[in-house]
Number of protein chains: 2
Amino acid sequence: MMDLTRKGEYAIRGIVYLAARQSDQVCLLSDIAAAVDVPQTFLAKIFQQFSKIGLVRSYRGTGGGFVLGRPPEKITLLEVVEAVEGPIIPNRCVTGEGECSRTSSCNVHPVWVKVQTQVKDILEKVTLKDLAGL
Amino acid sequence: MMDLTRKGEYAIRGIVYLAARQSDQVCLLSDIAAAVDVPQTFLAKIFQQFSKIGLVRSYRGTGGGFVLGRPPEKITLLEVVEAVEGPIIPNRCVTGEGECSRTSSCNVHPVWVKVQTQVKDILEKVTLKDLAGL
DNA sequence: CCCAAAAAGACTATTTATGTCCTGTTTAGT
DNA sequence: ACTAAACAGGACATAAATAGTCTTTTTGGG
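Please read all numbers here as calculations on a predicted model, not as lab measurements. (Residues numbered from 1 in each chain as written. Chains lettered and ligands numbered in written order. Predicted model: local features only at pLDDT ≥ 70, side-chain atom pairs only at ≥ 80, totals over all residues. Heavy atoms only, no water.)

A.B. asks: Please explain the overall build of chain A as it appears in this structure.
C.D. replies: The helix and strand inventory of chain A stands at 6 helices and 2 strands. Scanning chain A from its N terminus toward the C terminus, one meets helices and strands in the order α-α-α-β-β-α-α-α. For chain A, the spread of C-alpha atoms along the principal axes amounts to about 60 × 30 × 25 Å. Going through the 134 residues of chain A one by one, you find that 49% of them count as buried. Within chain A, contacts between residues at least 6 apart in sequence are counted, and of these 63% link residues at least 24 apart. Only carbon and sulfur atoms are counted for the fraction: they give 48% of the accessible area of chain A, which is about 6800 Å². Side chains of chain A carry 16 positive and 14 negative charges; the gap between the two charge centres is 3 Å. (Helix = DSSP H or I, 4+ residues; strand = E, 2+ residues; numbered from the N terminus. Buried < 20%, exposed > 50% of the residue type's maximum accessible area, 1.4 Å probe, protein only. Contact = heavy atoms within 4.5 Å. Areas by Shrake-Rupley, 256 points an atom, 1.4 Å probe, with all protein chains shown as cover. Lys, Arg positive; Asp, Glu negative; His and termini not counted. Charge placed at Lys NZ, Arg CZ, Asp CG, Glu CD.)

A.B. asks: I tried to follow the protein's contact with DNA strand D on my own but got confused; where do I start?
C.D. replies: Residues in contact with DNA strand D amount to 27 residues; listed here are only the nearest, A:K45, A:R60, B:Y10, B:R60 and B:T62. Sugar and phosphate atoms constitute 68% of the interface atoms of DNA strand D, taking the interface as everything within 4 Å of the protein. At 2.4 Å from a base oxygen of DNA strand D is found a side-chain nitrogen or oxygen belonging to A:K45. In terms of residue count, helix α3 (residues 40-52) of chain A provides more of the surface near DNA strand D than any other element does, 4 residues in total. Considered class by class, the residues forming the surface near DNA strand D number 8 nonpolar, 12 polar and 7 charged. (Near = heavy atom within 4 Å. Polar contact = N/O pair within 3.5 Å; in protein donor to acceptor, adjacent residues only side chain to side chain. Nonpolar A, V, L, I, M, F, W, Y, C, P; charged D, E, K, R; others polar.)

A.B. asks: Where do I start with the protein's contact with DNA strand C in this structure?
C.D. replies: Close to DNA strand C lie 24 residues, the nearest being A:Y10, A:T41, B:K45, B:S58 and B:R60. Of all atoms in DNA strand C that approach within 4 Å of the protein, 73% are sugar or phosphate atoms. Separating a phosphate oxygen of DNA strand C from a side-chain N or O atom of B:S58 is a distance of 2.7 Å. Between DNA strand C and B:R60 there is a distance of 2.8 Å, counted from a sugar or linking oxygen to a side-chain nitrogen or oxygen. Of all elements in the fold, only α1 (6-20) and α3 of chain A together with α3 (40-52), β1 (56-59) and β2 (65-68) of chain B reach the threshold of two or more residues within the surface near DNA strand C. The element contributing the most residues to the surface near DNA strand C is α3(B), with 4 residues.

A.B. asks: Looking at this structure, how should I read the relation of the copies chain A and chain B?
C.D. replies: Two copies of a chain can be linked by a rotation about an axis combined with a shift along that same axis. When chain A is fitted to chain B, the best match, at an RMSD of 0.0 Å, comes from turning it 180° and sliding it 0.0 Å along the axis. Both copies are brought into coincidence by an operation consistent with a two-fold rotation axis. Considering only C-alpha atoms, the residue of chain A closest to the rotation axis is A:M2, which sits at 2.0 Å. Of the residues that chain A buries at the interface, 100% are likewise interface residues in chain B, meaning the two copies contact each other through the same surface. (Least-squares fit on C-alpha atoms with pLDDT ≥ 70 in both.)

A.B. asks: Can you help me understand the interface of chain A and chain B in this one?
C.D. replies: When the parts of a complex come together, some accessible area is lost, and that lost area is often taken as the interface size. Counting residues at the interface gives 36 residues for chain A, matched by 37 residues for chain B. Both sides together, the interface formed by chain A and chain B hides about 3100 Å², and carbon and sulfur atoms give 64% of it. For the interface between chain A and chain B, the tally reads 0 salt bridges. Remark: the boundary between chain A and chain B carries 8 residue pairs in polar contact (both at pLDDT 80 or more). Every element with two or more residues in the side of chain A that touches chain B is listed here: α1, α4 (77-85), α5 (109-124) and α6 (128-132) of chain A. (Buried area = accessible area lost by both parts, 1.4 Å probe. Salt bridge = Lys/Arg side-chain N within 4 Å of Asp/Glu carboxyl O.)

A.B. asks: Teacher, can you tell me more about unusual backbone geometry here?
C.D. replies: The general pattern is negative phi for most residues beyond glycine and trans for most peptide bonds. Notably, B:M2 is not glycine yet its phi reads approximately 70°, a positive angle. If you trace the backbone, B:M2 turns up in the segment before α1 (6-20).

A.B. asks: Just to check I follow, could you spell out the confidence of the model for chain A for this structure?
C.D. replies: Close reading of the predicted structure is inappropriate where its pLDDT is low. Summary statistics for chain A give a mean pLDDT of 90 and a share of 90% for residues scoring 70 or more. Element-level pLDDT for chain A is lowest in α5(A), with a mean of 95, against a maximum mean of 98 in α3(A). (pLDDT = per-residue confidence, 0-100.)

A.B. asks: Honestly, the side chain of B:R13 in this entry has me stumped. Any pointers?
C.D. replies: By the element assignment, B:R13 lies in helix α1. Of the residues examined, B:R13 reaches a relative accessible area of 18% and is grouped as buried.

A.B. asks: Explain the side chain of A:E9 to me, please; I cannot follow it from the model alone.
C.D. replies: Among the secondary structure elements, A:E9 is positioned in helix α1. The class of A:E9 is buried, set by a relative accessible area of 17%. The contacts of A:E9, once residues within four sequence positions are left out, are A:L4, B:N91 and B:R92.

A.B. asks: Looking at this model, I keep getting lost on the pattern of salt bridges. Mind explaining?
C.D. replies: Pairing is possible between side chains of opposite charge, provided their charged atoms come close. With the rule as written, the count across this model stands at 6 salt bridges over all chains. With a closest N to O distance of 2.6 Å, A:R70 and A:E79 form a salt bridge. Look at A:E79 and you get partly exposed, because its relative accessible area is 29%. As a salt-bridge pair, B:K125 and B:D121 come within 3.0 Å of each other at their nearest N and O atoms. Residue B:K125 is classed as exposed on the basis of its relative accessible area, which comes to 59%.

Below you can see the structure in the form of structure tokens.
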């Protein structure tokens, strides 16, 4: 339970590597992939997701590549993880979509809410600056 | 991320139902399954796992069924969840099997340890007594 | 012996995870 | 304009995990 998938692991490795570079230096995907030991095509998908929500900025064409979308201290681990793994939901109940039809008698519900809150809280306090050792 | 599977959900429902019964009353699997709306054959597998580690006690043959293995206040939600979902491991690193070959530079590692500790802590403090509303 | 009930193992279907591949689009440089 | 470099996006492939089902065996009671 609670495990990060490979995608999430790769995502962290990749963006932490990028965060450790100079902010004005455009990084090639191929370089990042080689450096963090992740299949390039797979990492491409991950960085596309990052790009869509602005965690990274991409430049196409010759001389293109990726740079961090914001300063490393402004990007949290929570954002990175949720970008590729989806929201942190320990149980379907927590989605609030009324799926927990037995809510009235469901004493478990508040426990999951607590778990969710705690985990998000931890991940939110860690930034790429911390992770990149800056 | 962090989601409980159906198996885990069913497991909780089933054992909470059992906890809410009289402790001397042997419950039929078929009754439990019907009450908590879970396929009986699937629930059977789950209760077998419970039985192996003593969370429930089973009686075979006529008049058989299940009873809780210990008083409800002595069984934690953590035990129930880990019984069917496996240990709570937010990242492979935490297993301590030396899989995190990049440990030296891995600032992410301690974060996962913290997550693991926090979550286990929350789930450990909730007992079946609480969940069954006793 | 016969029946009721759980245990155990084999089997199946669906979904998710983990990638790969191909084609398109953008951009820099000549 | 042409070409090569580099990301974008969609379709596809394979393997593993999830979510069950089915059948047979074991056990206990009457």
